[in-house]
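Notes for the structure review
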Amino acid sequence: MREPHDIIVSPVVTEKTAEQMDKQSLYTFIVSRDANKIQIGQAVERLWDVKVTDVRTMRYPGKARRSALGRMAKNPSKGRRPSYKKAVVQLVAGEHIELYEVG
């Protein structure tokens, strides 16, 4: 079995996800692209000692990068941003994960 730190790459903390954390016990993470829902749920349970009820995943393709000067550039950059996978994990009511401890 893979290590939980290999599956969970980083948490996503935005205004929307912070509101979901408080009201619905939904936590959002960037995860490894080859991890499945079962592995993601087990990794969250092992890392934070909580009970997971639901895992939803989304794949995002990498977008084309913009060139520095737009269409005026001699060599427009032809790269892409990396694609990634995001998981939304729902916990049992009453449980929470302390992502950033204050103090």
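Scroll up a little and you will see the structure.
Below is a short write-up of the structure. (Residues numbered from 1 in each chain as written. Predicted model: local features only at pLDDT ≥ 70, side-chain atom pairs only at ≥ 80, totals over all residues. Heavy atoms only, no water.)

1. Brief notes about the sheet that holds strand 1 (residues 8-11)
As a reminder of what qualifies: Any two strands are treated as partners once DSSP identifies two or more bridges connecting them. Secondary structure elements follow DSSP: runs of H or I of four or more residues count as helices, runs of E of two or more count as strands, with numbering from the N terminus. Here an axis means a line fitted to C-alpha atoms, over the contact stretch when the element is a helix, while the angle between two N-to-C directions is reported on a 0 to 180 degree scale. Only heavy atoms enter the contact rule, under which two residues are in contact if any of them lie within 4.5 Å.
Pairing is antiparallel across the open sheet formed by 4 strands, whose spatial order is 1-2-4-3. Only two strands of the sheet have a single neighbouring strand rather than two, namely strand 1 and strand 3 (52-60). Neighbour to neighbour, the strand axes of the sheet diverge by 30° on average, direction disregarded. Bridge count between strand 1 and strand 2 (residues 26-31): 3 bridges; the pairing is antiparallel. Along strand 2, the bridge assignment pairs S10 with I30. Of the strands in this sheet, strand 2 and strand 4 (84-91) are in contact with helix 2 (residues 15-24), which crosses strand 2 at around 135°. Sheet strands in contact with helix 3 (residues 37-48) are strand 1, strand 2, strand 3 and strand 4, and its direction is about 120° off that of strand 3.

2. Points about the pattern of salt bridges
To be explicit about the condition: For this analysis, a salt bridge means a side-chain nitrogen from Lys or Arg found within 4 Å of a carboxyl oxygen belonging to Asp or Glu. Exposure classes here rest on a 1.4 Å probe applied to the protein chains alone. A residue is buried below 20% of its type maximum, exposed above 50%, and partly exposed in between.
In total, this model carries 3 salt bridges according to the counting rule given. Between D34 and R2 there is a salt bridge, with the nearest N and O atoms lying 3.1 Å from each other. Of this pair, D34 sits in the loop between strand 2 and helix 3 while R2 sits in the segment before helix 1 (4-7), placing them 32 residues apart in sequence. The class for D34 is exposed, based on a relative accessible area of 56%. Residues R56 and D54 are paired through a salt bridge, measuring 3.4 Å at the closest nitrogen-oxygen approach. On the basis of relative accessible area, R56 is assigned to the partly exposed category, the value being 40%.

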